[in-house]
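The primary structure of each chain is shown beneath.
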Amino acid sequence: MPPEPSFRLACENDADSLLGMMREYYAFDGHAFDPDRARVALLGFLREPSFGRAWLICDEATPVGYLVLTLGYSLEYLGRDAFIDEFYFRESHRGRGWGKQTLAFVEDQARALRVRSIHLEVVRQNTGAKEVYRKNGYADHDHYLMSKWIERSFLKPGSDAHE
């Protein structure tokens, strides 16, 4: 019987391991990755529990993935909500059913934080991930996620100039 994943709350000492997996994830999903800016954002997140939680997903003691849950508040969703901001497995650990187990784990953790609903986004081309999410109760709404970068003193990821 294959091993089950274990989960460990990430801390500042895990930054280098997380940044390595973030680089892999961003390449996989086609996102721009700037290691210096990513480090600043990651450390800021790990230092402030009110922002959310990050977990390393481990095969025994070896990190093979990670999940970041950010915390928010929504009137539409009647209270505290959360967003699965990043969820990544190294290729060697995909297709084992660990995604389902990780989603169940994070939902339990979110309930303990009094979260009422969890949101996530997935790139349109990642049909495998979309299917995992659908099978685990996540629904595609008749909404579009729209974003606008408004920070003027910090460049938008992937840009060389302010847009």
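Residues numbered from 1 in each chain as written. Predicted model: local features only at pLDDT ≥ 70, side-chain atom pairs only at ≥ 80, totals over all residues. Heavy atoms only, no water.

> How do you make sense of the pairing of strand 3 (residues 62-74) when you look at a structure like this?
Pairing of strand 2 (residues 52-59) with strand 3, which is carried by eight bridges, proceeds in the antiparallel orientation. Across the sheet, Gly52 pairs through a bridge with Thr70, a residue of strand 3. Where strand 2 hands over to strand 3, the hairpin turn is made up of two residues, of which Glu60 adopts a positive phi near 60 degrees. Linking strand 3 back to strand 4 (residues 79-89) in an antiparallel pair, the connection comprises four residues, with Leu78 at a positive phi of about 65 degrees. (Pairing = 2+ DSSP bridges. Helix = DSSP H or I, 4+ residues; strand = E, 2+ residues; numbered from the N terminus.)

> Would you take a moment to explain the nonpolar core for this structure?
The nonpolar side chains of a soluble globular protein tend to be buried with one another. Ranked by size, the top nonpolar core spans 21 residues in total, and within it Leu67, Leu69, Ile84, Phe87, Val115 and Ile118 carry the most contacts. Elements supplying a minimum of two residues to this core: strand 2, strand 3, strand 4, helix 3 (98-112) and helix 4 (127-135). Broken down by element, this core gets its largest block of residues, five residues, from helix 3. Setting aside its immediate chain neighbours within four residues, Ile118 contacts Leu69, Ala82, Ile84, Val106, Glu107, Ala110 and Tyr138. (Core = buried A, V, L, I, M, F, W, Y, C linked by side-chain atoms within 4.5 Å. Buried < 20%, exposed > 50% of the residue type's maximum accessible area, 1.4 Å probe, protein only. Contact = heavy atoms within 4.5 Å.)

> Could you clarify how one ought to interpret the pairing of strand 4 in this entry?
Each regular strand shows side chains that alternate between the opposite faces of the sheet. Strand 4 sits mainly inside the fold: eight of its eleven residues count as buried. Crossover connection from strand 4 via helix 3 to parallel strand 5 (residues 117-120): handedness right-handed. (Right-handed = clockwise from strand over helix to strand, strands pointing away.)

> Would you explain the side chain of Glu86 in this entry?
Counting through the fold element by element, Glu86 comes out in strand 4. Polar side-chain contacts of Glu86 include one of 2.4 Å to the side chain of Tyr66. Apart from residues no more than four positions distant in its own chain, Glu86 is found in contact with Met22, Tyr25, Tyr26, Tyr66, Leu67 and Val68. (Polar contact = N/O pair within 3.5 Å; in protein donor to acceptor, adjacent residues only side chain to side chain.)

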